Amino acid sequence: MAVKQVSVFMENREGRLEEVTKTLKDEGINITSLSLAETSDYGILRLIVSDPERALTALKAADFSSRITKVVAVKLSHETGSFHKMLSELKNINIEYMYVLSTSEYASMIVKIADYEKAEKILTDKGYTLLSEGEAYNANVVQA
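Thresholds applied
- Along every chain, residues carry numbers that run from 1 in the direction the sequence is written.
- Where local features are concerned, this predicted model is filtered to residues with pLDDT of at least 70; where side-chain atom pairs are given and counted, the filter is 80 or more; whole-chain, interface and lining totals use all residues.
- To get the side-chain values, all heavy atoms of the structure are used, and hydrogens and water are removed first.
- Helix and strand labels come from DSSP, where a helix needs a run of H or I of at least four residues and a strand needs a run of E of at least two; each type is numbered from the N terminus.
- Computation of the radius of gyration draws on C-alpha atoms alone. For the globule rule, the value is 2.2 Å times the number of residues to the power 0.38.
- Each residue gets one of three labels from its accessible area relative to the maximum for its type: buried under 20%, exposed over 50%, partly exposed in between, using a 1.4 Å probe on protein chains only.
- Contacts are assigned to residue pairs that have any heavy atoms within 4.5 Å of one another.
- Here, patches come from residues exposed beyond 30% relative accessible area and free of salt bridges, joined within 9 Å for like charges and within 5 Å for nonpolar side chains (Val, Leu, Ile, Met, Phe, Trp, Tyr).
- Methods summary: accessible areas were calculated by the Shrake-Rupley approach with a probe of 1.4 Å, and residue burial reflects only the protein chains presented.
- Take a side-chain nitrogen of Lys or Arg and a carboxyl oxygen of Asp or Glu: if they are within 4 Å of each other, that pair is a salt bridge.
- At least two DSSP bridges between two strands are needed for those strands to be called paired.
- The definition of a polar contact used here is a pair of N or O atoms within 3.5 Å, where within protein one atom must be able to donate a hydrogen and the other to accept one, and adjacent residues in sequence count solely through side-chain atom pairs.
- In this text, buried Ala, Val, Leu, Ile, Met, Phe, Trp, Tyr and Cys residues form a nonpolar core when linked through side-chain atoms within 4.5 Å.

Undergrad: Just checking my understanding: could you explain the overall build of the protein chain for this structure?
TA: Secondary structure assignment for the protein chain yields 5 helices and 7 strands. Mapped from its N terminus to its C terminus, the protein chain presents α and β elements in the order β-α-β-β-α-β-α-β-β-α-β-α. The globule rule puts the C-alpha radius of gyration for 144 residues at 15 Å, and the 15 Å found for the protein chain is close to it. A principal-axis box enclosing the C-alpha atoms of the protein chain has dimensions of 40 × 30 × 25 Å. Counting every position in the protein chain, which comprises 144 residues, the buried fraction comes to 43%. Counted over contacts in the protein chain with a minimum sequence separation of 6, partners at least 24 positions apart contribute 71%.

As structure tokens, then:
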């Protein structure tokens, strides 16, 4: 079960990230996880939010170049080696990037994989729990 991630492409300049979070806050959209990667001129902000479709609409209305991408959210226990074990299950699949969504009960890896349906099958067949969209969007980790 894929989770929708919002990706925002923005200039690497002061205040731009604050503008994104203000846009989401003003719409009542909660950020549950994020990753920010940058170059000297541009950055890519990847977000798991409470309402991805509404976030996309609001960000585009505020002139942010943004899109929705499907990712996999894999629930992991807080045990030594659980992350390595998950990666070993996916060793023959190209992982484009990943970042964490964490709560006090468990950590989840947000994973962008070219063939997410194949990855989902491998992981569920091996006993991993994938977060539903509702679980990922309402983890209440970070408030915008």
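Undergrad: Explanation requested: a nonpolar patch on the surface in the structure shown.
TA: The grouping of Leu-17, Leu-34 and Leu-36 at the surface amounts to a nonpolar patch, some 240 Å² of accessible area in total. Its place among the elements puts Leu-36 in strand β2 (residues 31-38). The exposure class of Leu-36 is partly exposed, given its relative accessible area of 43%.

Undergrad: Before we go on, may I ask you to explain the pairing of strand β6 (residues 107-113) in this structure?
TA: In terms of burial, β6 is largely enclosed, as 7 of its 7 residues are buried. Here β6 shows a buried face lined by Ala-107, Met-109, Val-111 and Ile-113 and a second buried face lined by Ser-108, Ile-110 and Lys-112. Pairing of strand β4 (residues 65-76) with β6, which is carried by 5 bridges, proceeds in the antiparallel orientation. If you follow Val-74 over to β6, its bridge partner there is Met-109.

Undergrad: Would you take a moment to explain the pattern of salt bridges for this structure?
TA: Summed over all chains, the structure comprises 11 salt bridges. Residue Glu-11 is joined to Arg-13 by a salt bridge in which the shortest nitrogen-to-oxygen separation is 3.6 Å. Salt bridges sharing common partners tie together Lys-22, Lys-25 and Asp-26.

Undergrad: Quick question: what am I supposed to make of the pairing of strand β3 (residues 42-49) here?
TA: The side chains of a regular strand alternate, first on one face of the sheet and then on the other. Buried residues dominate β3, accounting for 6 of its 8 residues. In terms of strand pairing, strand β1 (residues 3-11) meets β3 through 6 bridges, oriented antiparallel. Across the sheet, residue Phe-9 finds its bridge partner in β3, namely Ile-44. Both β2 and β3 contribute to a ladder of 7 bridges, which runs antiparallel.

Undergrad: Whenever I open this one, the environment of Thr-32 confuses me. Can you help?
TA: Locating Thr-32 in the fold gives a position in strand β2. The sequence separation of Thr-32 and Tyr-42 amounts to 10 residues, and the corresponding C-alpha distance is 23 Å. A distance of 2.8 Å separates a polar atom in the side chain of Thr-32 from the backbone oxygen of Ala-136.

Undergrad: Looking at this structure, how should I read the nonpolar core?
TA: In this structure, Val-74, Met-86 and Leu-123 are the most contacted members of the largest nonpolar core, which totals 15 residues. Those elements that place two or more of their residues in this core are β4, β6 and α4 (116-125). Core analysis: the next-biggest nonpolar cluster, separate from the first, contains 13 residues, Val-8, Leu-24, Val-49 and Leu-59 among them.

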